[in-house]
Amino acid sequence: MAIENIKMPQLGESVTEGTIEKWLVQPGDHVNKYDPLAEVNTDKVTAEVPSSFTGTVKELIASEGETLAVGEVVCTIETEGGDAAPVEEAKPVSGDKATEMPAAGSKPTSKLEGTEGSSQPVKPSGSKGRYSPAVLRLAQDNDIDLAQVEGSGNEGRITRKDLMKLIDSGNIPKAGDAKTAPAPQQEQPAPQAAPAQEAPKAAAAPIQSAPGDIEIPITGVRKAIAANMLKSKHEAPHAWMMIEVDVTNLVQYRDSIKGEFKKKEGFNITYFAFFVKAVSQALKEFPMMNSMWAGDKIIQKKDINISIAVASDSALFVPVIKNSDEKSVKGIGKEVNELALKARSGKLKSADMQGGTFTVNNTGSFGSVQSMGIINHPQAAIMQVESIVKRPVIMDNGMIAARDMVNLCLSLDHRVLDGLVCGQFLARVKEILENMSKENTSVY
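Calculation criteria
- Residues numbered from 1 in each chain as written.
- Predicted model: local features only at pLDDT ≥ 70, side-chain atom pairs only at ≥ 80, totals over all residues.
- Heavy atoms only, no water.
- UniProt positions renumbered as here; feature names shortened; annotations may be inferred.
- Helix = DSSP H or I, 4+ residues; strand = E, 2+ residues; numbered from the N terminus.
- Expected span 1.5 Å × (residues − 1).
- Buried < 20%, exposed > 50% of the residue type's maximum accessible area, 1.4 Å probe, protein only.
- Core = buried A, V, L, I, M, F, W, Y, C linked by side-chain atoms within 4.5 Å.
- Contact = heavy atoms within 4.5 Å.
- Pairing = 2+ DSSP bridges.
- pLDDT = per-residue confidence, 0-100.
- Phe/Tyr/Trp six-rings, centres within 6.5 Å; stacked < 30°, edge-to-face > 60°.
- Lys NZ or Arg CZ within 6 Å of the ring centre and 35° of its normal.
- Axes fitted to C-alpha atoms, helices over the stretch in contact; angles between N-to-C directions.
- Parallel < 35°, antiparallel > 145°, perpendicular 65-115°, else oblique.
- Left-handed = near helix turned anticlockwise from the far one by under 90°.
- Nonpolar A, V, L, I, M, F, W, Y, C, P; charged D, E, K, R; others polar.
- Salt bridge = Lys/Arg side-chain N within 4 Å of Asp/Glu carboxyl O.
- Arc of directions from axis to C-beta.

Going by an unreviewed UniProt entry, the protein chain carries the name Dihydrolipoamide acetyltransferase component of pyruvate dehydrogenase complex and comes from Planomicrobium stackebrandtii. Per UniProt, the protein chain carries the Sequence similarities (unreviewed entry) text "Belongs to the 2-oxoacid dehydrogenase family." According to UniProt, the comment filed for the protein chain under the heading Cofactor (unreviewed entry) is "(R)-lipoate".

This is how it looks when you write it as C-alpha cells:
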C-alpha cells in the first residue's frame, strides 16, 4: 500500500485558497476514486473536493473552518495495491515555497543566522514555523507575533481560526510582549525608571450578547461575501453617478407581450432582461467600462460577461451571463431565470460564478429607488437598476404627463474610470432604453 496526499484544488481561474466547510469522511473510511471528501467554500460557492484515489482515509490534515491555499495538503489516503511507501510529513505549503514568518517587528533572518554573533536565532524547522498564506496575511494585517501563538492544528500548526479567536478576544500578542526578552539597558549616570512599553493598539471590544439576543453563526458564504466587499471598499476608490430614464414605451411594450410570451416560452419576460441587453450593447460601444485594475496596468476585457446579483434568505450570489452581448432579450431572460433558480436551490457551480466583467443589480425588485452599490471586485463598475415609478414629468411641449421613470445608479472604480466615459456610457444606456418599443425592438 501507499499513502497519497489530497491537495486543495483550484476551483476557479482566480481562486487562490479555499475554506474547509465540512468533512464528508473520517479517518478509516473507505473511498472510491471521485467520491466527495469535503465541502470547500470559495468565491461564494460551496464545491465538493473529490478523491483522486481509491483507498482508506488515513488522516485529515485540515480542520473544518480552516482556510488553505491552493496546493496545500488537506488529507491523506492509503491506497489499495502497490508497495507501502512512506509519505512526507504533510505541510501547509508544499515544496520549497513554504514561508518562514519572523516575529512581528523583528528583522528577517537568513539561513546562516543563529550562529555566534547573530542577532536572531534560527527558526525551528517544525510545522509551527510554517504558515499558510491566509495565516500570514491575517497576522500581518493585525500585527500579530506568530511566535507567541499556540496553534490548534496538526502538530501545533497555527490556523486561521486560532488567529480569529485572538482578534475577537482583543488579546493579541505583539512583538516585545512577555515571551520576548528585553535588551539589556546601557549604563546610565543616574538610576532611571524602565521606559514604558508602547501601548498596544486599541482592539475593538467584542460585542456581548444580551438576554433574548439571537446569535447567528457566520457561514462560509457570508464570510466570503464580507471578505470580497471589504476588499473592494478598501482597494477601489468608489465614485457614484445616477441618470434618470423614461421607460414608458418599454413598459407598454413588455406589458403587451408578457402573456403570450409566458405561454410560448414557459417563463416570464421581465424588465431586467431588457436592461441587461441595453447595458451589454452600450459596453460594446464603451469597452473601457468593461475593464479591470491589475496593479501596474488596466485590462480591458474582450468578452462581455454580465454578473447579476441573486439573493436567497441567507446569502447573496453573483452568477454570470456569459457573452451577453451576443444574446437576444429572450436568451438573456431565460438565462437570468435559470441562474436564479439554481442559486435559490443551492445548485450553482463554481463555473457559473466565474468570468464576470460588469455587474447589473436589480435593486428595483424590492422597491428601491436610489442606491450606491459596492463594486464586485475586481470589476470596475456596478449598475443598480432601481424601481420603475410612474410620476408626472414636464414634456418638451411644456405639457405635464404621467411617465414611467427609472433611476440607473452607477458605482465606479476611479482608478480605472473617469466621469466623462461613465457619463457617456450612462447616456447611451438611457438612449437605448428610451427607444425600446414594439416598433423597433424584438425579444428574439
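Anyway, onward from the coordinates.
Focus on helix H5 (residues 271–285)
With 15 residues, H5 extends 22 Å between its outermost C-alpha atoms, agreeing within 8% with the 21 Å of an ideal straight helix rising 1.5 Å per residue. Within H5, the full set of buried residues consists of Phe 272, Ala 273, Phe 274, Phe 275, Val 276, Ala 278, Val 279, Ser 280, Ala 282 and Leu 283.

Quick word on the nonpolar core
Ranked by size, the top nonpolar core spans 60 residues in total, and within it Met 289, Phe 358, Phe 425 and Leu 433 carry the most contacts. Looking at this core element by element, the count peaks at nine residues for H5. Residues within four places of Phe 425 in sequence aside, it is in contact with Val 279, Ala 282, Leu 283, Phe 286, Met 289, Phe 358 and Met 383.

Things to note about the sheet that holds strand S6 (residues 55–60)
Spatial ordering of the open sheet is given by S1-S8-S6-S3, a layout of four strands whose pairing is antiparallel. Both outer strands of the open sheet, strand S1 (2–7) and strand S3 (30–31), are each paired with one neighbouring strand and no more. Relative to strand S8 (residues 73–79), S6 runs antiparallel, the two being bridged by five bridges. Bridge pairing in S8 links Gly 55 to Thr 79.

What about the confidence of the model for the protein chain?
The predicted model of the protein chain has a mean per-residue pLDDT of 81, with 78% of residues at 70 or higher. Residue range residues 82–128 is modelled with pLDDT below 50. Its contacts to residues more than four positions away, or to other chains, number 73 contacts. Contacts from residues 179–191, a stretch scored under 50 in pLDDT, to residues over four places away or in other chains number six contacts.

Focus on the environment of Asn 142
Within the secondary structure layout, Asn 142 lies in helix H1 (residues 133–142). C-alpha separation for the pair Asn 142 and Ile 172, spaced 30 residues apart in sequence, amounts to 8.3 Å.

A word on the packing of aromatic side chains
Applying the stated criterion across every chain, the model contains four aromatic pairs. With 6.2 Å between their ring centres and 35 degrees between their planes, Phe 261 and Tyr 444 make a pair best called tilted. Placement of the pair is Phe 261 in helix H4 (residues 248–265) and Tyr 444 in the segment after helix H7 (419–434), with a sequence separation of 183 residues. Residue Phe 261 is classed as buried on the basis of its relative accessible area, which comes to 4%. An aromatic cluster is defined as three or more aromatic residues linked by ring pairs; in this entry it consists of Phe 261, Phe 267 and Tyr 444. Here the guanidinium or amino end of Arg 254 rests over the ring plane of Tyr 271, the centre of that ring lying 4.6 Å away.

Quick word on the packing of H5 against H7
In the contact formed by H5 and H7, the axes pass within 9 Å of each other and the chain directions differ by 135 degrees. The pairing of H5 with H7 is recorded here as oblique in orientation. Handedness of the H5/H7 crossing: right-handed. When H5 is examined against H7, the residues Phe 274, Phe 275, Ala 278, Val 279, Gln 281, Ala 282, Leu 283 and Glu 285 are found in contact with a partner set consisting of Phe 425, Arg 428, Val 429, Ile 432 and Leu 433. Residue composition of the contact of H5 with H7, by class: 10 nonpolar, one polar and two charged.

Let's talk about the pattern of salt bridges
This model, assessed by the stated rule, comprises 13 salt bridges. Measuring nitrogen to oxygen at the nearest pair gives 3.9 Å for the salt bridge that ties Asp 325 to Lys 284. Linking Asp 325 in the loop between strand S17 (320–321) and helix H6 (329–344) with Lys 284 in helix H5, this pair joins segments that are 41 residues apart in sequence. Between Asp 296 and Lys 297 there is a salt bridge, and its shortest N-O distance comes to 3.5 Å. By relative accessible area, which is 69% here, Asp 296 ends up exposed. Linked through salt bridges whose partners overlap, the residues forming this network are Glu 285, Arg 428 and Glu 431.

Here's the deal with helix H2 (residues 160–169)
Residues Asp 162, Leu 163, Leu 166 and Ile 167 constitute the buried set of H2. Angular distribution of buried residues about the axis of H2 spans 135 degrees; they occupy a single face of the element. Among the residues trailing H2, Gly 170 stands out with phi positive, at a value near 80 degrees.

Section: unusual backbone geometry
Looking along the chain, the bond that leaves His 377 and enters Pro 378 is cis, with omega of 10 degrees. One non-glycine residue, Tyr 34, lies in positive phi territory at about 80 degrees. In this fold, Tyr 34 is placed in the loop between S3 and strand S4 (36–42). In this structure, Asn 323 takes a positive phi of about 50 degrees despite not being glycine. The topology assignment puts Asn 323 in the loop between S17 and H6.

Looking at the environment of Phe 267
For Phe 267, the position within the fold is in the loop between H4 and H5. Taking the C-alpha atoms as reference points, Phe 267 and Lys 330, separated by 63 residues in sequence, lie 9.8 Å from one another.

Let's talk about the pairing of strand S21 (residues 400–413)
Each regular strand displays side chains that alternate between the two surfaces of the sheet. Within S21, 11 of the 14 residues are buried, which leaves the element mostly enclosed by the surrounding structure. Pairing of strand S11 (residues 238–246) with S21 involves nine bridges; the strand directions are antiparallel. Residue pairing across strands places Val 245 opposite Val 406, the latter belonging to S21. Across five bridges, strand S19 (residues 381–385) lies against S21 in antiparallel orientation. Note on S21: the bridge partner recorded for Met 383 is Leu 410. In this structure, strand S20 (residues 389–394) lies alongside S21, joined through six bridges in antiparallel fashion. Note that in S21 the partner of Pro 392 across the bridge is Ala 402. Following S20, the chain reverses through five residues before pairing antiparallel with S21; Gly 398 in that reversal takes a positive phi of roughly 85 degrees.

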